[in-house]
Amino acid sequence: MELVTTETVPGREIQESLGIARGNTVKARNVGRDITQSLRNITGGELKAYSELLTDARDEAMSRMVADAESMGADAVVNVRLESSEIANGGSEVIAYGTAVRLD
């Protein structure tokens, strides 16, 4: 499965647009991480536990988008986008979406 942020796949021609492929996940922080990250916030530096949490969420959302595209019979997803938003205090949603297509 090819994933690109552009409208086309270099060197390939789109034969058919199949619709929007999407995948999302909602992840919550945990109390243990909040305590350690609060201490890090005081001293400065990267909040690695939160970075890892968001990386995992992005990967999961992308994987779900690919599964959605495959269920439509797609060879690729073009115009891939990622967005995140706060759902509740301590919880964030990450959504991946794009246009599922069949290539030549």
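See above for the structure.
Given the structure is predicted, the values throughout are model-derived calculations rather than measurements.

S.K.: I'd love a proper account of the side chain of Thr25, names of residues and values included.
M.R.: Along the chain, Thr25 turns up in strand β2 (residues 14-28). On the accessibility criterion, Thr25 (5% relative accessible area) is buried. A distance of 2.9 Å separates polar atoms of two side chains, one belonging to Thr25 and the other to Glu60. Setting aside its immediate chain neighbours within four residues, Thr25 contacts Ala57, Glu60, Ala61, Arg64, Ser92, Glu93 and Val94.

S.K.: I'd like a description of the pattern of salt bridges, backed by residues and values.
M.R.: Considering all chains together, one arrives at five salt bridges under this definition. The shortest N-O distance in the salt bridge between Glu16 and Arg102 comes to 2.6 Å. You can see Glu16 sitting in strand β2 and its partner Arg102 sitting in strand β4 (residues 91-103), a full 86 residues away along the chain. With its nearest N and O atoms 2.8 Å apart, the salt bridge here joins Arg64 to Glu60. Highlighted residues: Arg64 and Glu60, both in helix α2 (residues 48-71), separated by four residues, approximately one helical turn. Given the relative accessible area of 25%, Glu60 is considered partly exposed. Through salt bridges with shared partners, a single network forms among Glu2, Arg12 and Asp104.

S.K.: With reference to specific residues and values, describe the pairing of strand β3 (residues 76-88).
M.R.: On any regular strand, side chains alternate: one points to one face of the sheet, the next to the other face. Relative to β3, strand β1 (residues 2-3) is paired through two bridges, and the arrangement is parallel. Paired with Glu2 across the bridge in β3 is Ala76.

How each quantity is defined
Residues numbered from 1 in each chain as written. Predicted model: local features only at pLDDT ≥ 70, side-chain atom pairs only at ≥ 80, totals over all residues. Heavy atoms only, no water. Helix = DSSP H or I, 4+ residues; strand = E, 2+ residues; numbered from the N terminus. Buried < 20%, exposed > 50% of the residue type's maximum accessible area, 1.4 Å probe, protein only. Polar contact = N/O pair within 3.5 Å; in protein donor to acceptor, adjacent residues only side chain to side chain. Contact = heavy atoms within 4.5 Å. Salt bridge = Lys/Arg side-chain N within 4 Å of Asp/Glu carboxyl O. Pairing = 2+ DSSP bridges.

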